[in-house]
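Coordinate inspection notes
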Amino acid sequence: HPAESGYGIMADKLYNAIFNDETAVSDCYMTDVYLSASGRAFGAGTADDPISSLPVAMDKLQPGVEATLHIIGEFTFAGNFYVSIAPSKLSLVGEGSGAVLTVSGDSFKLGCDTRIDNLALKTTLSSGSHIMACYHSVEITETVSTVGTWSFYAGYNVFATPEVAGSTAASFDTV
């Protein structure tokens, strides 16, 4: 099952099939989208009118180019965070000082090359969360901090627990 951003990509394909690729909608996609807990669910995605829904913000990102998701203040996403596969590279940038992205799920999975800058990554799980690069290039600048326990895996997770993999197998593929 795709993430909500995946459903957005499927919706684009379906729309194109129905309307014969007549999809020219001004300001539909953006290379800079602003996200804020104090914004509107279907805001314009600008600094003055940020979006308050992470899936909606991700769906506004221009496919196939470098794009930036600007996070204003403290934003909490309930569940696992999956970075869209639409942009060729995504920058997650905290705006100003004190920008925090809180994830309540155990996964922060990257679907494209990603840069994280000027942002605190926070997990609400006592067992911690993990960033899975999925073999994409990842740049985490010196201005990034973490709150709680975070693990980093370069590849894909092969087995969720050692019990599934067996006692002699590794839990994660981090080649």
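Attention in this report is confined to the structure presented alongside it. (Residues numbered from 1 in each chain as written. Predicted model: local features only at pLDDT ≥ 70, side-chain atom pairs only at ≥ 80, totals over all residues. Heavy atoms only, no water.)

This part is about the pairing of strand β4 (residues 89-103). As paired strands, strand β2 (residues 66-77) and β4 are joined by 11 bridges and run parallel to one another. Paired with His70 across the two strands is Val93, which belongs to β4. In this structure, β4 lies alongside strand β6 (residues 113-117), joined through 5 bridges in parallel fashion. Its bridge partner lying in β6, Leu92 is registered against Ile116. Across 4 bridges, β4 lies against strand β7 (residues 120-123) in parallel orientation. Note on β7: the bridge partner recorded for Val100 is Ala120. (Pairing = 2+ DSSP bridges. Helix = DSSP H or I, 4+ residues; strand = E, 2+ residues; numbered from the N terminus.)

This part covers the packing of aromatic side chains. Under the criterion given, the structure shown has 3 aromatic pairs. When the centroid spacing of 6.3 Å and the interplanar angle of 90° are considered together, the rings of Phe77 and Phe81 count as edge-to-face. The pair Phe77 / Phe81 is uniform in exposure class, with both members buried. Between the aromatic rings of Phe81 and Phe108, the centroid separation amounts to 4.5 Å while the plane-to-plane angle is 10°, which identifies the pairing as stacked. Of the two residues, Phe81 is situated in strand β3 (residues 81-82) and Phe108 in strand β5 (residues 107-109); the sequence distance between them amounts to 27 residues. Comparing Phe81 with Phe108, the two get one shared label, buried. Pairwise contacts between aromatic rings join Phe77, Phe81, Phe108 and Trp150 into one cluster. (Phe/Tyr/Trp six-rings, centres within 6.5 Å; stacked < 30°, edge-to-face > 60°. Buried < 20%, exposed > 50% of the residue type's maximum accessible area, 1.4 Å probe, protein only.)

So, on to helix α1 (residues 4-18). Two residues of an α-helix separated by three or four positions point the same way, owing to the 3.6 residues in each turn. With 15 residues, α1 extends 21 Å between its outermost C-alpha atoms, agreeing within 8% with the 21 Å of an ideal straight helix rising 1.5 Å per residue. For α1, the full list of buried residues reads Ser5, Gly6 and Gly8. The arc that holds every buried residue of α1, seen down its axis, measures 160°, which confines them to one face. Turned more than 90 degrees away from the buried face of α1 sit Glu4, Leu14, Ala17 and Ile18, all of them exposed. (Expected span 1.5 Å × (residues − 1). Arc of directions from axis to C-beta.)

Moving on to the sheet that holds strand β11 (residues 150-153). Strand order in the open sheet formed by 4 strands is β3-β5-β8-β11, with parallel pairing between adjacent strands. The two strands at the open ends of the sheet, each matched to only one other strand, are β3 and β11. Pairing between β5 and strand β8 (residues 129-132): 3 bridges, direction parallel. Bridge pairing links Phe108 to Ile131 in β8.

Moving on: the nonpolar core. In terms of nonpolar packing, the biggest core is built from 30 residues, with Leu69, Phe81, Leu90, Leu101 and Phe108 touching the most fellow members. Of all the elements in the fold, those that place two or more residues in this core are β1 (32-40), α2 (54-59), β2 and β4. (Core = buried A, V, L, I, M, F, W, Y, C linked by side-chain atoms within 4.5 Å.)

Once that is clear, we can look at the side chain of Ser107. Tracing the chain through its elements places Ser107 in strand β5. In contact with Ser107, not counting residues within four places along its chain, are Asn80, Phe81, Tyr82 and His130. (Contact = heavy atoms within 4.5 Å.)

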